[in-house]
Amino acid sequence: NANGMTRVYSSTGDTVSALSTVYFKDLKYAGRSTAPVFGGWNTTLRYKQFTVFALLTYQFGGVFLRPSIDNYITSYYSLNYSVMGDIAKRWQNPGDEKKTVVPGLNGDPTTINYSLLRYQYSDANVLSSDYIRLREVSLSYQLGGGWMHRYALKGASVSLAVRNLGLLWAANKPGFDPDFVAYPGRSNSLPAARSYNFSLNLNF
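To start, this report covers the structure provided alongside it. (Residues numbered from 1 in each chain as written. Predicted model: local features only at pLDDT ≥ 70, side-chain atom pairs only at ≥ 80, totals over all residues. Heavy atoms only, no water.)

**As for the pattern of salt bridges**
1) Next: Summed over all chains, the structure comprises six salt bridges.
2) Next: Note that D123 and K28 form a salt bridge whose closest N and O atoms lie 3.1 Å from each other. Here the residue D123 occupies a position in the loop between helix 1 (109–120) and strand 6 (126–128), and K28 occupies one in the loop between strand 2 (15–17) and strand 3 (37–47), the gap between them amounting to 95 residues.
3) Next: On the basis of relative accessibility, which here comes to 44%, the residue D123 falls in the partly exposed class.
4) Next: Residue E136 pairs with R163 through a salt bridge whose shortest N-O separation is 3.4 Å. Taken together, the positions of E136 in strand 7 (residues 131–143) and R163 in strand 8 (residues 155–170) put the pair 27 residues apart, joining distant regions of the chain.
5) Next: Residue class for R163 comes out partly exposed when judged on its relative accessible area of 33%.
6) Next: Overlapping salt bridges, with partners in common, bring together R133, D177 and D179 in one network. (Salt bridge = Lys/Arg side-chain N within 4 Å of Asp/Glu carboxyl O. Helix = DSSP H or I, 4+ residues; strand = E, 2+ residues; numbered from the N terminus. Buried < 20%, exposed > 50% of the residue type's maximum accessible area, 1.4 Å probe, protein only.)

Next comes the structure, spelled out in structure tokens:
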């Protein structure tokens, strides 16, 4: 509103203040937090002694809540500082309500906290969790030569695999990784670390 406080829609389509009671009938279904469609795809390409393997995983049809402001500094949260970029988009002056939905700091601590809570869990922050992830890529080379008979080897190969390479595509424009976002008001989880594995396989 003109004072920078969040307003939400009731079941009748009216907008009510952040301090108003919200009932179950006022809640809006925004989608599934677990994607109903998911799976993987892998392929193996061979050329002479070389073998390339790639594994992709995907999920479609789910949603998640975009991480937002932890909290504003008030008498309730005097020592907490949020580092989320939404703070720069917050309402600051009359007229800002026409260009932003991020509530401001204009009001008493109770009003500010209720206003921010309604914003954090609103459908304004609901994003698609669809993605395609590159899970693993590996390259193998089959060794050969007369030296293998000297050591009674039937076969030998070396390979290099890289895992957890990240997202190839995500439906949400900010580029969040849906598998590593925290619930509203908290920092994101760290994604799985990329790993490199070198292996030597010997068959006797």
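**Comments concerning unusual backbone geometry**
1) Next: Located in the positive-phi region is K48, a residue other than glycine, with phi close to 55°.
2) Next: Classification of K48 as exposed rests on a relative accessible area of 68%.
3) Next: With phi around 60°, N164 is a residue other than glycine that occupies positive phi space.
4) Next: Tracing the sequence through the fold places N164 in strand 8.
5) Next: Here N164 falls in the partly exposed class, since its relative accessible area comes to 26%.

**Quick notes on the environment of D108**
1) Next: Here D108 is to be found in the loop between strand 5 (63–65) and helix 1.
2) Next: In this structure the side chain of D108 is engaged in a polar contact, spanning 3.1 Å, whose partner is the backbone nitrogen of T110. (Polar contact = N/O pair within 3.5 Å; in protein donor to acceptor, adjacent residues only side chain to side chain.)

**Thoughts on helix 1**
1) Next: For helix 1, spanning 12 residues, the distance from its first C-alpha to its last is 16 Å, which sits close to the expected 16 Å at 1.5 Å a residue.
2) Next: T111, I112, N113, S115, L116, R118, Y119 and Q120 are the residues of helix 1 that are buried.
3) Next: Residues of helix 1 that are buried sit in contact with strand 1 (7–9), strand 2 and strand 5.
4) Next: Measuring from the backbone nitrogen of T110 back to the side-chain oxygen at the start of helix 1 gives 3.1 Å, which picks out D108 as the cap. (Expected span 1.5 Å × (residues − 1). Contact = heavy atoms within 4.5 Å.)

**Comments concerning the environment of L117**
1) Next: Note on placement: L117 falls in helix 1.
2) Next: A residue is classified by how much of its surface remains accessible, and L117, at 42% relative accessible area, is partly exposed.
3) Next: In this structure, the C-alpha to C-alpha distance between L117 and T6, residues 111 residues apart in sequence, is 9.1 Å.

**Side note on the sheet that holds strand 7**
1) Next: Overall, antiparallel pairing links the five strands, which are arranged 3-4-7-8-9 in an open sheet. The sheet is open, and its two borders are formed by strand 3 and strand 9 (195–203), each paired with just one other strand. With direction set aside, neighbouring strand axes in the sheet form an average angle of 15°.
2) Next: Summarising the sheet, strand 4 (residues 50–60) and strand 7 pair through 10 bridges and their orientation is antiparallel. Each residue of the ladder has a partner; that of L56, found in strand 7, is L134. (Pairing = 2+ DSSP bridges. Axes fitted to C-alpha atoms, helices over the stretch in contact; angles between N-to-C directions.)

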